[in-house]
Amino acid sequence: MCKIRVIAGTEKEKNKKQRIILKNNERMKYNGIHKAKGGPCMKGDGKKELLRSFKFLAFSVSAGVIEIAVFTLLNECSGWSYWPCYLIALILSVLWNFTLNRRYTFQSANNIPVAMLKVAAFYCVFTPVSTILGNYLAEELLWNEYLVTALNMVANFVLEFLYDRFFVFRDSLDTNSVAKKDHSA
């Protein structure tokens, strides 16, 4: 809830309190508590972020369906080991997920190649770690391949949302034509 601060006291005390308030506002702005436009008292930000989270979840579930379908097809029909099946399925689901989340979840109008490079950087770390770990769990420890893939998908979901929200699209949230249409409605 937004409160209007009443500053009482001598002029010197008022100036000191105002400097403290400004310093706190700058600290909050630096830590991402303020939005670029509007400040800390914007109503509906919590609802907007909750809706953004649900959209990301829905698109991630659809990407998960693609990943599991491709993984199952390759795992059951190709005779390949775990890692190529997982890697191909992951790449296809990432392309699907990026396209939908950029447009509808984060509603970003930023430079697509730059955003794709940032997401690719995430996957330059996530993919080898999840592929090597997944292969170890499935091939060496004989964990069920589908359980390993599901665990990788959950880790991917959580980490990618945080990475996309606070790094890839942080400065371009709600800037595309879909967001402008939603805002004017």
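Presented here is a report on the structure given in the accompanying data block.

### Re the packing of aromatic side chains
So, step 1. In the structure shown here, the tally under the stated rule is 15 aromatic pairs.
So, step 2. Connected via pairs of aromatic rings, a cluster forms that spans Phe56, Phe98, Phe106, Phe157, Phe161 and Phe169.
So, step 3. Taking NZ or CZ as reference, Lys118 lies 5.1 Å from the ring centre of Phe167, over its face.

### Here's the deal with the pattern of salt bridges
So, step 1. All chains considered together, the criterion is met by five salt bridges.
So, step 2. In this structure, Arg165 and Glu49 form a salt bridge, with 2.9 Å as the shortest nitrogen-oxygen distance. Pair noted here: Arg165 is in helix α5 (residues 145-168) and Glu49 is in helix α2 (residues 45-77), with a separation of 116 residues, a long-range link.
So, step 3. Given a relative accessible area of 12%, Arg165 falls into the buried group.
So, step 4. Here Asp174 ties to Arg52 by a salt bridge, and the two come within 3.0 Å at their closest N and O atoms. Highlighted residues: Asp174 in the loop between α5 and α6 (177-184) and Arg52 in helix α2, separated in sequence by 122 residues.
So, step 5. Asp174 gets classed as partly exposed once you look at its relative accessible area, which sits at 22%.
So, step 6. The structure contains a network of salt bridges with shared partners spanning Lys48, Glu49, Arg52, Arg165 and Asp174.

How each quantity is defined
Residues numbered from 1 in each chain as written. Predicted model: local features only at pLDDT ≥ 70, side-chain atom pairs only at ≥ 80, totals over all residues. Heavy atoms only, no water. Phe/Tyr/Trp six-rings, centres within 6.5 Å; stacked < 30°, edge-to-face > 60°. Lys NZ or Arg CZ within 6 Å of the ring centre and 35° of its normal. Salt bridge = Lys/Arg side-chain N within 4 Å of Asp/Glu carboxyl O. Helix = DSSP H or I, 4+ residues; strand = E, 2+ residues; numbered from the N terminus. Buried < 20%, exposed > 50% of the residue type's maximum accessible area, 1.4 Å probe, protein only.

These values are about where atoms sit, not about what they do.
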